[in-house]
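Chain and residue survey
Okay, here's what each chain looks like letter by letter:
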Amino acid sequence: MDRAETDTSADLTPDLTAGLSVRDEFAIFEHTTYANSCSQGALANRVRAAAEEWLAGWDENGAEWEFWVERNEAARAAFAGLLHAEPDDVAVTTSVSQGVSALVSALDLSGERNRIVISEYEFPTVGQIAHAQELRGAEVVHVRPEPDGRIPLERFADAVDERTALVCCTAVSFRSGHRHDVSAIADVAHAQGALVLADSYQAIGAVEVDVRTLGADVVTGGTVKYLLGSAGLGFMWLRPELRTELLPTQTGWFADEDIFAMSIADYSPHATARRFDSGTPPVPSLYPGVAGMELVAEVGVPAIEEHVGALVALLLAGLDELGATVATPRAPAEHGPLICVVSTDPSALVDALAAERIVTSTRDSNLRISLHLYNVEEDVERILAALAANRTLLA
Ligand SMILES: Cc1ncc(COP(=O)(O)O)c(C=O)c1O
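Structure report, in brief. The written sequence of each chain sets the order in which its residues are numbered from 1. The predicted nature of this model means local features are confined to residues of pLDDT at least 70 and side-chain atom pairs, given and counted, to a pLDDT of 80 or more, with totals for whole chains, interfaces and linings taken over all residues. Side-chain metrics rest on all non-hydrogen atoms present in the structure, leaving aside hydrogens and water.

1. A closer look at the site of the ligand
Put simply, the test is: Each residue is tested against the molecule or strand, and it is near if at least one of its non-hydrogen atoms lies within 4 Å. Two N or O atoms count as a polar contact when they lie within 3.5 Å, although within protein this holds only if one can serve as hydrogen donor and the other as acceptor, and sequence-adjacent residues are included solely when both atoms are side-chain atoms. Only the protein chains shown count as covering a residue, and every accessible area follows the Shrake-Rupley method with a 1.4 Å probe.
Neighbouring residues of the ligand: S95, V96, S97, F123, F174, D199, Y201, Q202 and K225. In the environment of the ligand, an oxygen atom lies 2.9 Å from a nitrogen or oxygen atom belonging to the backbone of V96. K225 is positioned such that a nitrogen or oxygen atom in its side chain is 3.0 Å from an oxygen atom of the ligand. Calculation on the ligand without its partners gives an accessible area of 400 Å², and the protein chains cover 82% of this total.

2. A closer look at the packing of helix α12 (residues 301-322) against helix α14 (residues 377-389)
Note the cut-off: To get an axis, fit a line to the C-alpha atoms, keeping to the stretch in contact for a helix; angles then go from 0 to 180 degrees between the N-to-C directions. Numbering of helices and strands runs from the N terminus, with a helix taken as a DSSP run of H or I at least four residues long and a strand as a DSSP run of E at least two residues long. An angle counts as roughly parallel when it lies under 35 degrees, as roughly antiparallel when it exceeds 145, as roughly perpendicular when it falls between 65 and 115, and as oblique in every other case. In this scheme, a crossing is called left-handed if the near helix is turned counterclockwise away from the far one by less than a right angle; it is called right-handed if the turn is clockwise. Contacts were defined at the residue level, with two residues in contact if any of their heavy atoms lie within 4.5 Å. Here the nonpolar group is Ala, Val, Leu, Ile, Met, Phe, Trp, Tyr, Cys and Pro; Asp, Glu, Lys and Arg are the charged ones; every other residue, Gly included, is treated as polar.
At their nearest, the axes of α12 and α14 sit 10 Å apart, and the two run at 20° to each other. Here α12 lies roughly parallel to α14, going by the angle between them. Judged by the twist between their axes, the crossing of α12 over α14 is right-handed. Together, L311, L314, L315, G318, L319 and L322 of α12 and E377, V380, L384, L387 and A388 of α14 make up the contact between the two elements. Taken together, the residues of the contact of α12 with α14 break down into nine nonpolar, one polar and one charged.

3. Examining helix α8 (residues 182-191)
In plain terms, the rule: Accessibility here uses a 1.4 Å probe with only protein chains present; expressed as a share of the type maximum, an area under 20% marks a residue as buried, one over 50% as exposed, and anything in between as partly exposed.
Where α8 is concerned, the buried positions are V182, A184, I185, A186, V188 and A189. Just beyond α8, the residue with positive phi is G193, at close to 80°.

4. What about the pattern of salt bridges?
Test applied: Salt-bridge detection follows one rule: a side-chain nitrogen of Lys or Arg within 4 Å of a carboxyl oxygen of Asp or Glu.
One pass over the structure, following the stated rule, counts 24 salt bridges. One salt bridge connects D161 with R163, and the closest N-O pair in it is separated by 2.5 Å. Across the pair R212 and D210 runs a salt bridge, and its minimum N-O distance is 2.8 Å. In this structure R212 comes out as exposed when scored by relative accessible area, which is 60%. Look at D210 and you get buried, because its relative accessible area is 15%. Each of E73, R76, D88, R274 and D277 takes part in salt bridges that share partners, so that together they form one network.

5. Description of the sheet that holds strand β5 (residues 164-168)
Test applied: Strand pairing requires that DSSP identify at least two bridges connecting the strands.
Pairing is mixed across the open sheet formed by seven strands, whose spatial order is β2-β8-β7-β6-β5-β3-β4. Bordering the open sheet on either side are β2 (90-93) and β4 (139-143), each of which pairs with just one other strand. Adjacent strand axes in the sheet meet at a mean angle of 20°, parallel and antiparallel pairs treated alike.

6. Quick word on unusual backbone geometry
Outside of glycine, negative phi angles account for most residues, and trans bonds account for most peptide bonds. Not every positive phi belongs to a glycine, and H84 is a case in point at roughly 60°. Here H84 lies in the loop between α4 (65-83) and β2. Residues other than glycine seldom take positive phi values, yet M262 does so here, at roughly 50°. For M262, the position within the fold is in the loop between α10 (242-245) and α11 (283-299).

7. Details of the pairing of strand β3 (residues 115-119)
The line we're drawing: By convention, a crossover is right-handed whenever its connection, traced from the first strand over the helix to the second and viewed with the strands pointing away, goes clockwise.
Within β3, five of the five residues are buried, leaving the element largely enclosed by the surrounding structure. Residues R115, V117 and S119 line one face of β3 and the alternating positions I116 and I118 line the opposite face, and both faces are buried. As paired elements, β3 and β4 share five bridges and run parallel to each other. Looking across to β4, one finds that R115 is bridged to E139. As a crossover connection, the stretch from β3 through helix α6 (residues 124-132) into β4 is right-handed.

8. A word on the environment of S365
Here S365 is to be found in the loop between β11 (361-363) and β12 (366-370). Of the residues examined, S365 reaches a relative accessible area of 37% and is grouped as partly exposed. Taking the C-alpha atoms as reference points, S365 and Q128, separated by 237 residues in sequence, lie 22 Å from one another. Residues within four places of S365 in sequence aside, it is in contact with V341, V342, S343 and P346.

9. Details of the packing of aromatic side chains
The condition that has to hold: Geometry of aromatic contacts follows a simple scheme: Phe, Tyr and Trp rings, the Trp one being its six-membered ring, pair when their centres are within 6.5 Å, and the pair is stacked under 30 degrees between planes, edge-to-face over 60, tilted otherwise. Whether a charge sits over a ring comes down to the Lys NZ or Arg CZ being within 6 Å of the ring centre and within 35 degrees of the ring normal.
Per the counting criterion, the structure on display carries eleven aromatic pairs. For the ring pair F29 and Y374, a centre distance of 5.1 Å and an interplane angle of 45° mean the geometry is tilted. One end of the pair, F29, is in the loop between α2 (17-23) and β1 (33-34); the other, Y374, is in the loop between β12 and α14, and 345 residues separate them in sequence. Just as F29 is buried, Y374 falls in that class too. Relative to F254, the ring of W253 lies with its centre 4.8 Å away and its plane at 75°, an arrangement referred to as edge-to-face. The class for W253 is partly exposed, based on a relative accessible area of 36%. Counting every residue linked through ring pairs, the aromatic cluster contains W65, W68, W253, F254 and F260. For the cation-ring pair, K225 lies above Y201, with the distance from its terminal atom to the ring centre recorded as 5.2 Å.

Interpretation in functional terms is not warranted from these geometric data alone.
Encoded structure:
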């Protein structure tokens, strides 16, 4: 893909070249238009090499214990860098599910403040963990969207009160692409003394997630999607003051104040966010995870956000020309890298695109098209042409 060298036309804005600079690192683009980073990021050569390095080290040295611990800390530092946080405020988790389960295990839900408020756009794991707390005395309150798909701030204000322990508002919805105004929701929650959890899985790596301004108390996510790593690795950032206040009862030996003490005599959680770590670090995922995050950091999230924003604008304009119904709001502040298009038969549409080697996915009645640093204008054009050819499957 050498458009940067050959195409000097005015419509190729400089930000669109950000994708071109790394695109060659992703073998899949040799034969496929990949627009499914909301499910899993494409595989970079260096991420593959990192995974192979793990296997080579195993062959060579057996248990590379010290290097594993170092990779775990490298992952913590990489997450912290992306979040504009300190490593001590970041737990390395094996999934969002593990981190959030540990988080709620630290909440006392037996008294007056027993409510967990969740937006209707939470990923299933957050909703299911919230409802599991009903066994511990919690009440779960759902905040539902309006007919246009938006969840106005007032709906959160209606749902949150002095009985609320935790408000869960995903940064970007995995099913519709809606982006929450986390900071405004956090103001509402904090006025009632509630904590705020922002699941940023559909944002981190493609959208700036700056914990210094986001407003959330806890931010979680993982490496599978826009961080270009594999499954099995995630993070949970906690506001520094919280980490000593919260005592997770769901824990593990890597959360101990001294893992090498090997003590079975007591529970003495680490003084930092490490108290939300769990058992043996997810070693096979650390190698590719760190390599993926390094690639993202190299290009820089602000540049990626600008690049993806420009591609999304092209996509939205083309969808309008096709007369498609877009489920995701248009305003840049209200969406991330994922655009959802309503289909009369989303599975058939995904299959029709796949037949042309265009990879997308579905949720509900939507086709999900997600763009990332490696996508270029030509990908958007191919997707739009394929949608035009399958116009009957668009609502
Ligand atoms: C918003 C969001 N949260 C969480 C997850 C995954 O959670 P876990 O890491 O527990 O599998 C996903 C996707 O897999 C997601 O899109």
